[in-house]
Amino acid sequence: MINDKRFIEETFPVREVSIESAREKNIRHGHISTLHIWWARRPLASRRATNYAALIPAPENVDEWNKQREFIIEFSKWEKSLSRQLIDKAREDILKANGGKPPKVLDLFGGGGTIPLEALRLGCETYSNDVNPVAVLIQKCTLEYPQKYGRSKDIKADKGKKLIWANPLQNSLLEDVKKWGKWVLDEEEKEIGRFYPTEADGAIPVGYIWARTIPCQNLTCSAEIPLMRQFWLAKKEKKKIALFPYVEGGEVRYKIVGDGYEKIPDGFDPSNGTISKAVATCLACPSVVDDKTTRKLFREGKSGQRIIAVVLHKPSTSGKRYRIATDKDIEIFREAEKCLKEKQEKLMLEWGIDPVPDEAIPIPCHDVDRPPMYGMNTWGDLFNIRQKLALITLAEKMRESYKNMSESKLGEDYAKAVASYLGLGIDRTLMFTSTLTRWKADAECPVDIFARQALPMTWDYVENNPIYSHSGAFIDQVERIIYSLEQTLVSDTPATITQSSATSLSYPDNYFDAVFTDPPYYDNVGYANLSDFFYVWLKRTVGDLYPELFSTLVTPKLNEIVSDPYRHGGKENSKQFFESMLKKSFQEIYRVLRPNGITTIVYAHKSTEGWETLINSLLDSGLIVTGAWPINTEMRTRLRAKESAALASSIYIVARKMTRQPTGFYNEVKEELKQHLNKKLDRLWEEGIRGADFFIAAIGSAIEVFGKYEKVMDYEGNIVRADRLLEEVRKISTDYAVHQILHNGFAGEITDLTRFYVLYRWNYGEAKVQFDEANKLARTCSLDLPREWSRPGFIKKEKEFIRVLGPQERNLADLKDASELIDILHNVLLLWEKSKREEMMKLLKDTGYGDKEAFFRVAQAVSETLPIESKEKKLLDGFLAGKERLQESRQRKLF
């Protein structure tokens, strides 16, 4: 690679690539995320754009900048990802910049394969690595097998079992996955189809609605309490159907009500279930079972489950219908239990392992330990009897398909590839075929269990029919895999895939031209714990084909780079472990990069504590940061966005293997940092970066200054680490932000408390925030947070969280004698809401705020930070709509 600046080090079309990256999150058909779930995947758009921008020279003039910028924007679009014209141009540009040779590119945290897939697309000699065996298998199915086997129609093996390519225009791999997926399904249906019997009118049971149960603890009642979070079966604009529970003879019974059935009874709200946060309410008496007792009953084996309703679909018709479960349904389920026992004993002898996973779920473990709290202690406990039977039968037939393929003309290696996709198909089926699978009434379909990056506890669940072709069924999952296969054939050369710790790579020094990677984000995702859910089943489906990957009881966790207090003996130890391991991995990047080689490192942690570990690790690695760009990678309707301060952006940090400058002194570096940041903050603001993302993006920019020195010292001889750097960055960026939010000129007219309120709303909206995070923001406003929450006001502490109250959460009586701007604003808003105009006018006059533009500017600024549905925003907008009338009244001395 030529020794010069790269495009991404000088400039990058942040806004446009962010738009494409966020839009891509809505794409499912054909996206590689449909091959197999892997948590916290970065969008292909951002990786394609940043990979390319890191491998081409910086523009020499404005015309060249505009030309390359437009190309990057166009190439980042999902619909253009397979454009031969764009791919060829990108490859030519990269070859030219690399002296006519494809650059060697490594991702040492390969995960789901996004980054190396885009390196393959760009024509790079690509290498990918991960310590997690599930990730390694996903990568083989994304980066290796499509490139090896995806272009031949007629495959046959010669005597040396090397594959001879015939017609390069057909994708035989895709066709064989489809063919053998159907074979597995047909064999499954022959064997256990009788346990999903068709109705007399031809309708097929596509699902069964179950409720877990506990006995009422009232000794005079002892009725069975069905644990239902809600009773809706269908909740659409033109179709509303629900289960109606009623008590007869001391027993809870059900009937179906709603469109096409009996009328929904007056006063019955299907949204109100019998359990919330493990607190259960009996339907037969007024008794309530507290959360601790509920968990205790589960752990003591005193809980049960009851099949309540059957979801039906008739082929060649639209929509679903429902019926109450009968004794016949229960009898069929019990017959499945006998079949499971026989098959389990048979396969245990053949496989040498229990076909139903008996490995323990780790506890305590925040990611997956909800089920053990309720007595589900092994991975096999997450499935009911018929689900276990269906899944081990799928595994059995998949293994038979491999045997049939390997003995045919296809050969063992090719058969292994096809079988691997079928194994991933079973993995995908697992997510819709467990007792943790919810029924989604507004879509009338099952929801996969990983809506969040943790295993939930589900009270009522849907038992999906894995045989019939519908959402969540096996053949549906195979079809999704096939769609993604069409998008993974991007090169004639497969990637080289390895399994090892990122702290100990097998490559020689100075081997790679570039390293593009997405390391673990502190404590955000427990990949190993979560992937155990799949690992224990993969051991039973493809484990014999990959003994090097699936030889351990569960996913190896010793070398996983994650901050896990349970695993590492407390919060401080886990932080030190993570920082030490991340530093070693960055040092490995430095070692394997050739001189002046470039790396891009993606990071997206919401806490400054997570960023401290990243920065310290970077500073100790020898790498020099030369650029940083925030790219929005999330959908606007993120699941957690309303409840927590989740980030929308990921920061793409660009670094080089270069010689550092000698020691820098903190006072000089601080001044340099301020000048550099103010320029960068202007650019970030222009790009539309706001809130918590703005501060995190500022951190990325700050490392460009701080990281170019071997060390930074103060005049007392202390080495300055990330915590002091972040304190300075927060001061600079928050000062900049408050001036921008208030549109300049008014920042000096507000108190520290008001400044904190405005910045909190701008950073976190109405979300609650960890105390450490809120306290760091408070310090930049010269506030003592513990002192503030200990007295009446808008700052409240809730366990380890801080919440900033809005006007709707406060009482007029508590605001009576307040003088702080925010308190007056809240008082005014509450008076406005109650139509107490005279009192409101008097308050504005007595406090003098009716004449202060800063008061109205703060109100407007807070409104602009909040979402449309916010109650506080509605109050602010209503009040501000009458601002001119208020000022006219003031001028006419009406108040």
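Everything numeric here is computed off the predicted structure, so don't read it as measured data. (Residues numbered from 1 in each chain as written. Predicted model: local features only at pLDDT ≥ 70, side-chain atom pairs only at ≥ 80, totals over all residues. Heavy atoms only, no water.)

### Considerations on the overall build of the chain
(1) Moving on: Each helix and strand counted, the chain has 29 helices and 27 strands in total.
(2) Moving on: Taken over the C-alpha trace, the chain has a radius of gyration of 30 Å; the compact-globule value for 895 residues is 29 Å, and the two agree within 12%.
(3) Moving on: With the C-alpha coordinates of the chain rotated into their principal frame, the extents come out at 85 × 80 × 50 Å.
(4) Moving on: Buried residues in the chain amount to 59% of all 895 residues.
(5) Moving on: Contacts spanning at least 24 positions in sequence make up 72% of the contacts within the chain whose residues lie at least 6 apart.
(6) Moving on: Only carbon and sulfur atoms are counted for the fraction: they give 49% of the accessible area of the chain, which is about 36900 Å².
(7) Moving on: If the 132 positive side-chain charges of the chain are averaged to one point and the 129 negative ones to another, these points end up 1 Å apart. (Helix = DSSP H or I, 4+ residues; strand = E, 2+ residues; numbered from the N terminus. Rg over C-alpha atoms; globule rule 2.2 N^0.38 Å. Buried < 20%, exposed > 50% of the residue type's maximum accessible area, 1.4 Å probe, protein only. Contact = heavy atoms within 4.5 Å. Areas by Shrake-Rupley, 256 points an atom, 1.4 Å probe, with all protein chains shown as cover. Lys, Arg positive; Asp, Glu negative; His and termini not counted. Charge placed at Lys NZ, Arg CZ, Asp CG, Glu CD.)

### Regarding the side chain of S531
(1) Moving on: Mapped onto the secondary structure, S531 falls in helix α15 (residues 527–541).
(2) Moving on: Classification of S531 as buried rests on a relative accessible area of 0%.
(3) Moving on: A polar contact is formed between the side chain of S531 and the side chain of N132, at a distance of 3.0 Å.
(4) Moving on: Excluding anything up to four places from it in sequence, S531 contacts W38, W39, N132, V134 and T555. (Polar contact = N/O pair within 3.5 Å; in protein donor to acceptor, adjacent residues only side chain to side chain.)

### Here we look at the pairing of strand β2 (residues 125–130)
(1) Moving on: Taken across its 6 residues, β2 has 5 buried, putting it largely inside the fold.
(2) Moving on: Across 4 bridges, the pairing between strand β1 (residues 104–107) and β2 is parallel. Following the sheet pairing, K104 is matched in β2 by E125.
(3) Moving on: Note on the crossover from β1 through helix α6 (residues 114–121) to β2: the handedness is right-handed.
(4) Moving on: Here β2 runs beside strand β18 (residues 496–499); their pairing, made up of 4 bridges, is parallel. Paired with D130 across the two strands is Q499, which belongs to β18. (Pairing = 2+ DSSP bridges. Right-handed = clockwise from strand over helix to strand, strands pointing away.)

### Describing the packing of helix α19 (residues 666–686) against helix α21 (residues 722–741)
(1) Moving on: Where α19 meets α21, the axes come as close as 10 Å, and the angle between the chain directions of the two elements is 40°. One way to sum up the angle between α19 and α21 is to call them oblique. Both α19 and α21 take part in a crossing whose hand is right-handed. Where α19 abuts α21, its residues Y666, K670, L673, K674, L677, N678, L681, D682 and W685 lie against R724, L725, E728, V729, I732, S733, Y736, A737, Q740 and I741.
(2) Moving on: Residues of the contact of α19 with α21, tallied by class, amount to 11 nonpolar, 3 polar and 5 charged. (Axes fitted to C-alpha atoms, helices over the stretch in contact; angles between N-to-C directions. Parallel < 35°, antiparallel > 145°, perpendicular 65-115°, else oblique. Left-handed = near helix turned anticlockwise from the far one by under 90°. Nonpolar A, V, L, I, M, F, W, Y, C, P; charged D, E, K, R; others polar.)

### Quick word on the confidence of the model for the chain
(1) Moving on: Of the residues in the chain, 94% have a pLDDT of 70 or more, and the chain-wide mean is 89.
(2) Moving on: Across residues 153–169, confidence stays below pLDDT 50; counting only partners more than four residues off in sequence or on other chains, it has 34 contacts.
(3) Moving on: Segment residues 635–646 is flagged for pLDDT under 50; beyond a separation of four residues in sequence, or across chains, it makes 22 contacts in the model. (pLDDT = per-residue confidence, 0-100.)

### So, the packing of aromatic side chains
(1) Moving on: This structure, assessed with the given rule, holds 47 aromatic pairs.
(2) Moving on: For the pair Y145 and Y421, a centre-to-centre distance of 6.4 Å together with 65° between the ring planes defines the contact as edge-to-face. Of the two residues, Y145 is situated in helix α7 (residues 133–149) and Y421 in helix α13 (residues 412–430); the sequence distance between them amounts to 276 residues. Both residues of the pair, Y145 and Y421, count as buried.
(3) Moving on: An angle of 10° between the planes, with centres 5.9 Å apart, marks the rings of F856 and F879 as stacked. Here F856 is found in helix α27 (residues 853–865), whereas its partner F879 is found in helix α28 (residues 871–881), with 23 residues between them in sequence. Of the two residues, F856 and F879, both sit in the buried class.
(4) Moving on: Through successive ring pairs, a cluster of aromatic residues spans W38, W39, W379, F383, F450, Y527, F533, F534 and W537.
(5) Moving on: Of note, R399 hangs over the ring of W351, and the distance from its end group to the ring centre comes to 4.2 Å.
(6) Moving on: Taking the ring centre of W629 as reference, the NZ or CZ of K680 above it sits at 4.8 Å. (Phe/Tyr/Trp six-rings, centres within 6.5 Å; stacked < 30°, edge-to-face > 60°. Lys NZ or Arg CZ within 6 Å of the ring centre and 35° of its normal.)

### Considerations on the pairing of strand β13 (residues 304–313)
(1) Moving on: Of all 10 residues making up β13, 7 are buried, and the element is well covered by its neighbours.
(2) Moving on: Sheet topology places strand β5 (residues 204–215) next to β13; 9 bridges connect them, and they run antiparallel. Residue I209 lies in a different strand from β13, and its bridge partner there is A309.
(3) Moving on: Both β13 and strand β14 (residues 321–324) contribute to a ladder of 4 bridges, which runs antiparallel. Looking across to β14, one finds that V310 is bridged to R323.

### What about the packing of helix α22 (residues 752–764) against helix α23 (residues 771–780)?
(1) Moving on: Packing of α22 against α23 brings their axes to within 10 Å, and their N-to-C directions diverge by 140°. Looking at the two axes, α22 sits oblique to α23. Once α22 is placed against α23, the crossing between them reads as right-handed. In contact with R755, F756, L759, Y760, N763 and Y764 of α22, α23 contributes E773, A774, L777, A778 and T780.

### As for the sheet that holds strand β7 (residues 232–236)
(1) Moving on: Taking strand neighbours across the sheet as the criterion, the 3 strands line up as β7-β8-β9 in an open arrangement whose pairing is antiparallel. Where the open sheet ends on each side, the last strands, each with one partner, are β7 and β9 (251–258). On average, each strand axis in the sheet is inclined to that of its neighbour by 25°, with strand direction left out of account.
(2) Moving on: Two strands pair when backbone bridges link them, and β7 and strand β8 (residues 239–248) are joined in this way by 4 bridges, in the antiparallel orientation. Opposite A234, over in β8, you have I241 as the bridge partner.

### Focus: the state of the cysteines
Every disulfide links exactly two cysteines, by a covalent bond between their sulfur atoms.
(1) Moving on: One pass over the full model with this rule turns up 0 disulfides.
(2) Moving on: Free of any disulfide, C216 has its nearest cysteine sulfur in C285, 3.6 Å distant. (Disulfide = S-S within 2.5 Å.)

### Remarks on the nonpolar core
(1) Moving on: Grouped together as the largest cluster of nonpolar side chains are 141 residues, with contacts concentrated most on F12, F756 and F855.
(2) Moving on: Of the residues forming this core, the biggest block, 11 residues, is contributed by helix α20 (residues 691–706).
(3) Moving on: Excluding its chain neighbours within four sequence positions, the residues that come into contact with F12 are F7, V17, A49, T50, A53, I72, W629, I631, R683 and E687.
(4) Moving on: Grouped together as the second largest cluster of nonpolar side chains are 118 residues, C141, F195, A325 and I426 included. (Core = buried A, V, L, I, M, F, W, Y, C linked by side-chain atoms within 4.5 Å.)

### Quick notes on helix α5 (residues 84–97)
Structurally, the α-helix is built with 3.6 residues per turn, so residues lying three or four positions apart point the same way.
(1) Moving on: A rise of 1.5 Å per residue sets the reference length of α5, with its 14 residues, at 20 Å; its end C-alpha atoms lie 20 Å apart and thus fit the reference within 8%.
(2) Moving on: Looking at α5, one finds that the buried residues are L86, I87, A90, R91, D93, I94 and A97. Each buried residue of α5 lies within a common arc of 160° when the element is viewed along its axis, so the set occupies one face. When the buried face of α5 is taken as reference, the exposed residues oriented beyond 90 degrees from it are Q85, E92 and K96.
(3) Moving on: Considering only its buried residues, α5 is in contact with α3 (44–55), α4 (62–75) and α6.
(4) Moving on: Phi for G99, located one or two positions after α5, is positive at around 70°. (Expected span 1.5 Å × (residues − 1). Arc of directions from axis to C-beta.)

### Section: α4
(1) Moving on: With 14 residues, α4 should reach 20 Å at 1.5 Å per residue; the first-to-last C-alpha distance of 20 Å fits that figure.
(2) Moving on: Those residues of α4 that fall on the buried side of the exposure criterion are Q68, R69, F71, I72, I73 and F75.
(3) Moving on: Of the residues that open α4, the one with a side-chain oxygen 3.2 Å from the backbone nitrogen of D63 is N61.

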